[in-house]
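Fold and geometry: a report
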Amino acid sequence: MPLTNAELWAAALGYVLPPVIAVVAQPRWTGAVKGLLMLVVAVAVGLGTAYFNEQFHGKSIVTCVLTAAIAIGIAYHTVWRPSGIAPGIERATSTGDSGGRHAAVEPGA
């Protein structure tokens, strides 16, 4: 069975989205939280691709969401994580403190 245009778009977007997801994800987050973030992005991609390809109905929506989720997961684990790009982006955009040091001036100093 050939893929629809919406499913192809969901797969293509899923392949290139792990670096974008890494901008939001933080290195200190657990794998479960990062996985949940990926699923939220996959749902948004699936809904969007189905809607913009005028296939916004039951089976097409579910298929687009699942296609996006699989593409994001495979791309992350085969390309973006082994290359160090996604983890590097996570570290570079981390909002946490480094080593517990704060830039603020301590009281009484």
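I will try to describe carefully the structure that is included in this document. All values reported here derive from a predicted model rather than from experimental measurement.

Of regular secondary structure, the chain possesses five helices and zero strands. Taken from N to C terminus, the helices and strands of the chain fall in the order α-α-α-α-α. Looking at the chain as a whole, 31% of its 109 residues qualify as buried. Considering only residue pairs separated by 6 or more positions, the chain has 70% of its internal contacts joining residues 24 or more positions apart. When the accessible area of the chain is evaluated, it comes to approximately 7100 Å², of which 68% is carbon and sulfur surface.

The subject of this paragraph is the packing of helix 1 (residues 5-16) against helix 3 (residues 31-52). Between helix 1 and helix 3, the least distance of the axes is 8 Å, while the angle of their chain directions is 145°. Crossing geometry of helix 1 relative to helix 3 is assigned as right-handed. On helix 3, the residues that touch A6, W9, A10 and L13 of helix 1 are V45, T49 and A50. A class-by-class count of the residues in the contact of helix 1 with helix 3 yields six nonpolar, one polar and no charged.

Conventions and cut-offs
- Residues numbered from 1 in each chain as written.
- Predicted model: local features only at pLDDT ≥ 70, side-chain atom pairs only at ≥ 80, totals over all residues.
- Heavy atoms only, no water.
- Helix = DSSP H or I, 4+ residues; strand = E, 2+ residues; numbered from the N terminus.
- Buried < 20%, exposed > 50% of the residue type's maximum accessible area, 1.4 Å probe, protein only.
- Contact = heavy atoms within 4.5 Å.
- Areas by Shrake-Rupley, 256 points an atom, 1.4 Å probe, with all protein chains shown as cover.
- Axes fitted to C-alpha atoms, helices over the stretch in contact; angles between N-to-C directions.
- Left-handed = near helix turned anticlockwise from the far one by under 90°.
- Nonpolar A, V, L, I, M, F, W, Y, C, P; charged D, E, K, R; others polar.

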